[in-house]
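Below are the chains, spelled out letter by letter.
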Amino acid sequence: MPRALRRLVHFMVFCPLSKGFQSRLPAIKVKYLLLAWLCILGASWVVYMQYASYTELCRGHVCHVVICDHYRRGIISGSACKALCDQRTLTLQRCLSTSPAYQVYDGQWKDRPVVIKCGLQESLKAEGAPDPGLRPETSLFDKPTRGTSMDEFREMLHSFFKSNLGDQPSLNALVERVITLADVTRDGKVSLAEAKSVWALLQINEFLLMLALQEKEHTPKLLGFCGDLYVTERVAHSALYRLDVPSYLRPLVPEVVSSGLNRWLAPAWPRRARITIGLLEFVEEIFHGAYGSFLMCDASPRQVGYNGRYDCRMADLRSVASEATVRGYLRGRRCETNVDCTYGRDCTATCDRLAKQCNLEVVRPNLAKVCTLLQDFLLSGAPAELRPDLEKQLRTCVTLSGLASQMEVHHSLVLNNLKTLLWKKISNTQYS
C-alpha cells in the first residue's frame, strides 16, 4: 500500500479516536461520532451483503447468452425466441432469483409486465470448462434424437406423463396440448428443435405443473418459451406477505418485528378474506383434478401471491408435486424415522419401523398446511363477531391428518365450511 494512502487510512480510522481529538470535543460529541462510525460500518456491511448476494444469485446475462447461442445454432426453438434474441422486445429487468441455478426476473414483453424463468444448473457446472457459461446441448437438449417420428414422440410424451402424473384417462389430451404448444410455426409439424425445447421444459417441475393446471383460475398463464426458458404472466404481489427479510438480516431483525410490520402492511381484512377464498379454491382444484392429485410440499408465504384485484395466484409452483411423483420417491425408500420419509420440505409419510421402509401415503393434507399458513394472516384484524367461529374452523383445519383415501369427505366438509364462513362476510360488498 502506498505511504500516502496508509497515512490517509490511519487519519480516518485513528485520528477521530485520538486523545488530542477527544480533548477538543465534549465527551458527548465523541459518543455521537462513535455511533456514526458504527452506523457507517453497519450500512457498508448491508450494502456489501446485498451486492454479494446479487452477484451470486442474479446471472440473467448468462441465461440470455446461453439461450440465444443455442437458438442461433438451430438447437432450440420457441415462441419467445425472436423477441428475446432478435427483436429484443423481451427484456430481463429486476432480479427475483433465490437460487443461482434457477434464474427469475421481472421483465417486459411488448409493453406487458411478465416473469422470465430459466435454469442454469448445467451452465454453473460448466463454468470451469474451456467454454464457460455455455451448456453442452448434448446434456440438456439431447431428446428426442434425429430420426424420431411424430408417433414415437407422442409415445415418449405419454410415457413421461404416465410416470410423472399417474395413469390418468386424460393423458392423451395433455399430449396433444404439448404438441400444439411445441408447433411454434403453426404448420402442423413439430421440428426437431421444437421437440427438444418442449421436452427440456417438461423436465422442469413447475412448467409441468403449469401445463397440467393451465386451465385453473389460480395458476399464472404461460405466455411463451425459448428452449428451457419460459415466460409467464406477472403476479402483482409475488408473496402472501409484503416484507421478506433477507437471510443475512434475520439475526438483526427479530421475528416479532417482521411479523408486526407484515400485519401493518397487509391489505384490509376483507381483501385478505378474498385472497384466502382463492387459495382454498386452489386446494380444491389440485385435490382431484383431470390429471390426478397434487401435493403442496412447501406451503410457505413465498409460494402464494395475488393480483391487483386480490385474486389468489400461485407465484411459485416448484414445491407442488404430483401424488405419483411423491409415491415414486417413497416407494422402497429405507427409513429409521418419519423424517426419512419426507419429500420436499413437508410432504411426510410414516416409516414402517419393522420393515424399515416408507409407507406411500403422505399424512398431512394440503388443507392443514394452508390453514397453518393462514392462521396469522386471517385472524389478525378479523371482525370481532366472526373471530370465534373463524378460530374454531382454523383449529379444526390445522389438526387434519390421516390418509387422503380415508378422509376425503371430512376434508371437503372442513374446506367448504371455512370458505362459506368467509364468503358470507364479504359477499354483497365491494370486496366480493
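When you go through the protein residue by residue, the secondary structure sums to 17 helices and twelve strands. Residues classed as buried in the protein amount to 43% of the 432 residues present. Residue pairs in contact within the protein that sit at least 24 positions apart in sequence constitute 62% of those at least 6 positions apart. With the model as given, the accessible surface of the protein reaches about 22,800 Å², and the carbon-plus-sulfur share is 56%.

Moving on, we get to helix α8 (residues 150-165). In this model, α8 (16 residues) spans 22 Å end to end at C-alpha, consistent with the 22 Å of a helix rising 1.5 Å per residue. Within α8 the residues assigned to the buried category are F153, L157, F160, F161, N164 and L165. An end-on view of α8 places all buried positions within 100 degrees of arc, on one side of the element. Exposed and oriented more than 90 degrees from the buried face of α8 are D151 and S163. For α8, the elements touching its buried residues are α9 (171-182), α10 (192-202), α11 (205-212), β6 (294-296), β9 (320-322) and α14 (323-330).

Glancing now at the confidence of the model for the protein. Of all residues in the protein, 77% attain a pLDDT of 70 or more, and the chain-wide mean is 82. Segment residues 48-54 is flagged for pLDDT under 50; beyond a separation of four residues in sequence, or across chains, it makes four contacts in the model. Long-range and interchain partners of residues 122-138, a stretch whose pLDDT sits below 50, account for 32 contacts in this model, where long-range means more than four residues apart.

What follows covers the environment of C81. Inspection of the secondary structure puts C81 in helix α5 (residues 81-86). Using a relative accessible area of 0% as the deciding quantity, one classes C81 as buried. Separated by 14 residues in sequence, C81 and I67 place their C-alpha atoms 8.4 Å apart.

Attention now goes to the pairing of strand β5 (residues 229-233). Among the five residues that make up β5, five are buried, leaving the element largely enclosed by the rest of the structure. Both strand β3 (residues 112-119) and β5 contribute to a ladder of four bridges, which runs antiparallel. Across the sheet, the residue bridging to I116 is V231, located in β5. For strand β4 (residues 222-226) and β5, the ladder comprises four bridges, and the chain directions are antiparallel. Paired with C226 across the bridge in β5 is L229. Hairpin connection, β4 to β5: the antiparallel pair is bridged by two residues, and G227 has positive phi, about 60 degrees.

There is a patch of nonpolar side chains on the surface, built from L261, W264 and L265 and spanning about 330 Å² of accessible area. Here L265 lies in helix α12 (residues 255-265).

What follows covers the nonpolar core. Counting residues in each nonpolar core, the largest one holds 74 residues, and the members touching the most others are F161 and L390. The residues touching F161, leaving out its near neighbours within four places in the chain, are G166, L171, L174, V175, V178, L202 and L208. Formed by 24 residues, the second largest nonpolar core is a distinct cluster that contains I75, C81, C85 and C118.

Counted under the stated rule, the structure contains 16 salt bridges. R73 is the partner of D69 in a salt bridge, and the nearest nitrogen-oxygen pair spans 2.7 Å. On the basis of relative accessibility, which here comes to 47%, the residue R73 falls in the partly exposed class. Note that E385 and K425 form a salt bridge whose closest N and O atoms lie 2.3 Å from each other. Pair noted here: E385 is in the loop between α15 (366-379) and α16 (387-398) and K425 is in helix α17 (residues 408-426), with a separation of 40 residues, a long-range link. For E385, a relative accessible area of 56% translates into the label exposed. Relative accessible area serves as the criterion here: at 34%, K425 is assigned to the partly exposed category. When salt bridges with common partners are traced through the structure, they connect R94, D106 and R234 into a single cluster.

Here the focus is the packing of aromatic side chains. Scanning the model with the defined rule gives six aromatic pairs in all. Consider the rings of Y241 and F377, whose centres lie 5.9 Å apart with planes at 75 degrees: the pair is edge-to-face. Note that Y241 is positioned in the loop between β5 and α12 and F377 in helix α15, a separation of 136 residues in sequence. The residues Y241 and F377 share a single accessibility class, namely buried. Between Y329 and Y343, the ring centres sit 5.2 Å apart and the planes meet at 75 degrees, which makes this aromatic pair edge-to-face. You can see Y329 sitting in helix α14 and its partner Y343 sitting in strand β10 (residues 342-343), a full 14 residues away along the chain.

When two helices pack together, their arrangement is given by the angle between the helix axes and by the axis-to-axis distance. Relative to each other, α8 and α9 sit at 125 degrees, their axes nearing to 9 Å. Looking at the two axes, α8 sits oblique to α9. Crossing angle aside, the handedness with which α8 passes α9 is right-handed. Each of M150, F153, R154, L157, H158, F161, K162 and L165 in α8 lies in contact with α9, whose residues at this interface are L171, N172, L174, V175, E176, V178 and I179. Grouping the amino acids of the contact of α8 with α9 by side-chain chemistry returns ten nonpolar, two polar and three charged.

Now for the sheet that holds strand β11 (residues 347-352). Judged by pairing direction, the sheet is antiparallel, and its three strands sit side by side in the order β10-β11-β12 without closing on themselves. If you trace the sheet from one side to the other, it starts and ends with β10 and β12 (357-362), each paired once. Together, β10, β11 and β12 form the strand contacts of α14, whose direction differs from that of β12 by roughly 170 degrees.

So, how was this worked out
Within each chain, residue numbers correspond to sequence positions counted from 1 in written order. Residue-level local features of this predicted model are given only where pLDDT is at least 70; pairs of side-chain atoms are given and counted only at 80 or more, and the full residue set underlies all totals for whole chains, interfaces and linings. For side-chain calculations, the full set of non-hydrogen atoms in the structure is used, while hydrogens and water are omitted. Under the scheme used here, helices are H or I runs from DSSP no shorter than 4 residues and strands are E runs no shorter than 2 residues, and both carry numbers assigned from the N terminus. Accessible area is worked out with a 1.4 Å probe on protein chains only. A residue is then buried under 20% of its type maximum, exposed over 50%, and partly exposed in between. Only heavy atoms enter the contact rule, under which two residues are in contact if any of them lie within 4.5 Å. What sets the accessible areas is the Shrake-Rupley method with a 1.4 Å probe; for residues, cover comes only from the shown protein chains. Helix span, expected: 1.5 Å multiplied by one less than the number of residues in the helix. For this quantity, the arc is that covered by the directions from the helix axis to the C-beta atoms. Confidence of the prediction at every residue is given by pLDDT, a number between 0 and 100. DSSP-based pairing: two strands are paired if at least 2 bridges between them are found. To count toward a patch, a residue needs a relative accessible area above 30% and no salt bridge. Like charges then connect within 9 Å, nonpolar side chains (Val, Leu, Ile, Met, Phe, Trp, Tyr) within 5 Å. Salt bridge, as used here: a side-chain nitrogen of Lys or Arg that lies within 4 Å of a carboxyl oxygen of Asp or Glu. Among the buried residues, those of types Ala, Val, Leu, Ile, Met, Phe, Trp, Tyr and Cys that are joined through side-chain atoms within 4.5 Å form a nonpolar core. Ring pairs are drawn from Phe, Tyr and Trp, using the six-membered ring of Trp, whenever the two centres fall within 6.5 Å, and their geometry is named by plane angle: stacked under 30 degrees, edge-to-face over 60, tilted for the rest. Simply put, an axis is a line fit to the C-alpha atoms, just over the touching stretch for a helix, and the angle between two N-to-C directions goes from 0 to 180 degrees. Each angle is binned into one of four classes, with values under 35 degrees roughly parallel, values over 145 roughly antiparallel, values of 65 to 115 roughly perpendicular, and all other values oblique. Should the near helix be turned anticlockwise from the far one by less than a right angle, the crossing is left-handed, and should it be turned clockwise, the crossing is right-handed. Under the convention adopted here, Pro, Cys and the residues Ala, Val, Leu, Ile, Met, Phe, Trp and Tyr are nonpolar, Asp, Glu, Lys and Arg are charged, and Gly plus all remaining residues are polar.

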